[in-house]
Amino acid sequence: MLADLRTHVARRLGLTEEEVFAGQPLSAVLVASPSAINSIDLLDAFAGALADVGVDDDVELPTMTLDHTAEEVVSALGKQLATTSS
């Protein structure tokens, strides 16, 4: 499911998965994205991806800064999903 989430986040940002999840901070992803203008657009990409994979009612987006990576966001979401499925 997390692989699908990564795919949908990247698609919504108009980037490849490698561009989004290469370990750079979210601020760099924001600059690289042709569709995201601000941090709200990043939030929307993650929220929309959660809806795309059908888990938007099961988790809350973590509070993170633009210094965090997209992988850290996905990891935090994965931890939430692991607790809801046990």
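Everything that follows concerns the structure shown earlier in this document.
Quick look at the structure, then. (Residues numbered from 1 in each chain as written. Predicted model: local features only at pLDDT ≥ 70, side-chain atom pairs only at ≥ 80, totals over all residues. Heavy atoms only, no water.)

**Let's talk about the side chain of Thr69**
For clarity, the cut-off: Put simply, DSSP marks the helices as runs of H or I at least four residues long and the strands as runs of E at least two long, and each gets a number from the N terminus on. Note on contacts: a residue pair qualifies if any of its non-hydrogen atoms lie within 4.5 Å across the two residues.
Note on placement: Thr69 falls in the loop between helix 4 (39-52) and helix 5 (70-84). Residues in contact with Thr69, not counting those within four places in the same chain, are Gly23, Gln24, Pro25 and Leu26.

**Overview of helix 5**
This is how the line gets drawn: Given a helix with a known number of residues, its expected span is that number minus one, times 1.5 Å. Think of it in three bands: residues with accessible area under 20% of the maximum for their type are buried, residues over 50% are exposed, and the middle band is partly exposed, with areas taken using a 1.4 Å probe on protein chains only.
Here helix 5 spans 21 Å end to end across 15 residues, near enough to the 21 Å set by a 1.5 Å rise per residue. Of the positions making up helix 5, those classed as buried are Ala70, Val73, Val74, Ala76, Leu77, Gly78 and Leu81. Each element contacted by the buried residues of helix 5 is listed here: helix 1 (2-13), helix 2 (17-20), helix 3 (26-32) and helix 4.

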